[in-house]
Amino acid sequence: MRIRVTYLGRSYQQAASLPEDFELPSEATVKDALAAVNSALDEHPLPESCLVTIAGEHLGSITSYTDRPLQEGDELMLIAPVAGG
Amino acid sequence: MTDDRNSHHPTLAEPLQLTPEELERYDRQLGPGVLSEAGQLRLKQATALVTRVGGMGGPAAQMLAMAGVGTVIIAHGGEMISPDLNRQVLGSEQVLGKPRAPEFAAYLRTMNRLIEVEAVDHEPDDEEARRLARRCDIVLSCPPTFTERLRLNRAAVEAGIPLIDAAQWGMTGTLIVVKPGETACLQCVYPVEPPFEELFPVVGAISCATGALAALEAVKILSGTGDPLFGQLLTYDGFVGRPSVVKLRRNPSCPVCAHC
Ligand SMILES: [Zn+2]
């Protein structure tokens, strides 16, 4: 199955090399997708506080999220918390 | 120090209605698709706390003041420095080296003499944040650290008033709108405080846009207009030009909001 991965928020430039789409096994879950993303990020793994969202639903952060099966065409959006001022 | 110099509010003995001058001032935001006169009156009776008033909080406070929020309290410590001037719209070349809060408040007063502006010249600690939140109808959280944001969240949840968290990094802006007891609060979203980056990069246009959107949500909530983004995270990835909305999950065992 193919899913879309989007990374935004703090240090988004570190994820500039991420492919837009990831090909995953048909039974893959969010956990598998995160492992694939981290593997692709290599030098800069996802920050622990990064929010994990799928298809517009917030599942938690990298350290604590509710895993769930993925569906073809899902968008995994990863949001590194920003503050700024 | 709290600076509360101008006082144009009606006293309790005066009738609660919009004056002809206010009706003229707010004429372009009254009518179908915008605010009703009753909504504008609710704004007049409202108090909003904005902390801090730099890149995001500045334009947010300005839009609240110009929209006619009766009392706008701004909090910001320190003196204005040159790198502030790529985004801090309440300042100017003339304010460099001067304390931000009173100068910014003075500027806001030049934008609308029909409201009150109070200046707090430091970032409130836990107790002061609580005290301020109890006086307010809404809190706009725009500081650079998560410590301050989570503090404002606790104060707002405890006071039972909405909180709008506006944040930015580089060309990205995010907005979280909290309704205590009904939606996720900031602590639900950030159970572990994310790291602080003192010299974060930022382009003024994104901070201004994010602050303006925070003010729009506040105007909607305070006036009872439209559908606020309660319980949602709005992001704008300005680097690629893409907005998104995420529905936030409430933590049933959140130490801040679980019992409200
Ligand atoms: Zn909470």
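Conventions and cut-offs
Residues numbered from 1 in each chain as written. Chains lettered and ligands numbered in written order. Predicted model: local features only at pLDDT ≥ 70, side-chain atom pairs only at ≥ 80, totals over all residues. Heavy atoms only, no water. Contact = heavy atoms within 4.5 Å. Buried area = accessible area lost by both parts, 1.4 Å probe. Salt bridge = Lys/Arg side-chain N within 4 Å of Asp/Glu carboxyl O. Polar contact = N/O pair within 3.5 Å; in protein donor to acceptor, adjacent residues only side chain to side chain. Helix = DSSP H or I, 4+ residues; strand = E, 2+ residues; numbered from the N terminus. Axes fitted to C-alpha atoms, helices over the stretch in contact; angles between N-to-C directions. Parallel < 35°, antiparallel > 145°, perpendicular 65-115°, else oblique. Nonpolar A, V, L, I, M, F, W, Y, C, P; charged D, E, K, R; others polar. Buried < 20%, exposed > 50% of the residue type's maximum accessible area, 1.4 Å probe, protein only. Pairing = 2+ DSSP bridges. Right-handed = clockwise from strand over helix to strand, strands pointing away. Donors = N, O, S within 2.8 Å, 3.2 Å for Na, K, Ca; no water. Tetrahedral: all angles 85-135°; square planar, octahedral: opposite > 155°, others 65-115°. Expected span 1.5 Å × (residues − 1). Phe/Tyr/Trp six-rings, centres within 6.5 Å; stacked < 30°, edge-to-face > 60°.

**Q** Whenever I open this one, the interface of chain B and chain A confuses me. Can you help?
**A** One frequently used descriptor of interface size is the decrease in accessible area upon assembly of the parts. On the side of chain A, 24 residues touch chain B, which itself brings 34 residues to the contact. When the area that chain B buries against chain A is broken down by residue, the three leading residues are Trp 169, Val 246 and Arg 249 of chain B, summing to 26%. Taken together, chain B and chain A are joined by two salt bridges. Glu 197 of chain B is the partner of Arg 10 of chain A in a salt bridge, and the nearest nitrogen-oxygen pair spans 2.8 Å. Viewed at the interface, chain A and chain B are joined by 11 residue pairs in polar contact (both at pLDDT 80 or more). Elements with a contribution of two residues or more to the side of chain B that touches chain A: helix H6 (146-159), strand S6 (163-169), strand S7 (172-178), strand S8 (232-237) and strand S9 (242-247) of chain B. Take the side of chain B that touches chain A: its biggest share by element is five residues, from S9 of chain B.

**Q** Explanation requested: the packing of helix H2 (residues 37-44) of chain B against helix H8 (residues 204-223) of chain B in the structure shown.
**A** In helix packing, the relevant descriptors are the interaxial angle and the interaxial distance, both defined with respect to the helix axes. All names here are of chain B. Relative to each other, H2 and H8 sit at 105°, their axes nearing to 8 Å. In this view, H2 runs roughly perpendicular relative to H8, as classed from their interaxial angle. In this structure, H2 contributes Gly 39, Arg 42 and Leu 43 to the contact, and H8 contributes Val 219, Leu 222 and Ser 223. Broken down by class, the residue content of the contact of H2 with H8 amounts to three nonpolar, two polar and one charged.

**Q** Explanation requested: the pairing of strand S2 (residues 47-51) of chain B in the structure shown.
**A** Every regular strand shows the same layout, with side chains that alternate between the two sheet faces. All names here are of chain B. Within S2, five of the five residues are buried, leaving the element largely enclosed by the surrounding structure. Note: S2 against strand S3 (residues 71-75), five bridges, orientation parallel. The residue of S3 that forms the bridge with Ala 48 is Val 72. Regarding topology, helix H3 (residues 57-67) serves as the crossover connection from S2 to the parallel S3, and that connection is right-handed. Taken together, the four bridges between S2 and strand S5 (residues 138-141) define a ladder with parallel strand orientation. Bridge pairing in S5 places Leu 49 opposite Val 139.

**Q** Explain the coordination of the zinc ion here, please?
**A** Expected angles at a metal are 109.5 degrees for tetrahedral coordination by four donors and either 90 or 180 degrees for octahedral coordination by six donors. Residue and element names in this part refer to chain B. Coordination of the zinc ion by the protein involves Cys 185 (SG), Cys 188 (SG), Cys 254 (SG) and Cys 257 (SG), with metal-donor separations of 2.2 to 2.3 Å. Because the angles between the four donor atoms bound to the zinc ion fall within 96 to 122°, the donor set is best described as tetrahedral. You can call Cys 254 buried: its relative accessible area is 2%.

**Q** How should H8 of chain B be read in this particular structure?
**A** Given 3.6 residues per helical turn, the α-helix brings residues three or four places apart onto the same face. Residues and elements named next belong to chain B. Helix length check: H8 (20 residues) gives 28 Å between terminal C-alpha atoms against 28 Å at 1.5 Å per residue, within 8%. Most of H8 is tucked away: 14 of the 20 residues are buried. Gly 224 lies just past H8 and shows a positive phi near 75°.

**Q** So what exactly am I meant to see when it comes to the packing of aromatic side chains here?
**A** Two numbers describe a pair of aromatic rings. These are the distance of the centres and the angle of the planes. Residue and element names in this part refer to chain B. Summed over the entire model, instances satisfying the criterion amount to three aromatic pairs over all chains. Taking the centre distance of 5.1 Å and the plane angle of 75° together, the rings of Phe 146 and Tyr 190 count as edge-to-face. One end of the pair, Phe 146, is in helix H6; the other, Tyr 190, is in the loop between helix H7 (186-189) and H8, and 44 residues separate them in sequence. A relative accessible area of 4% means that Tyr 190 is categorised as buried.

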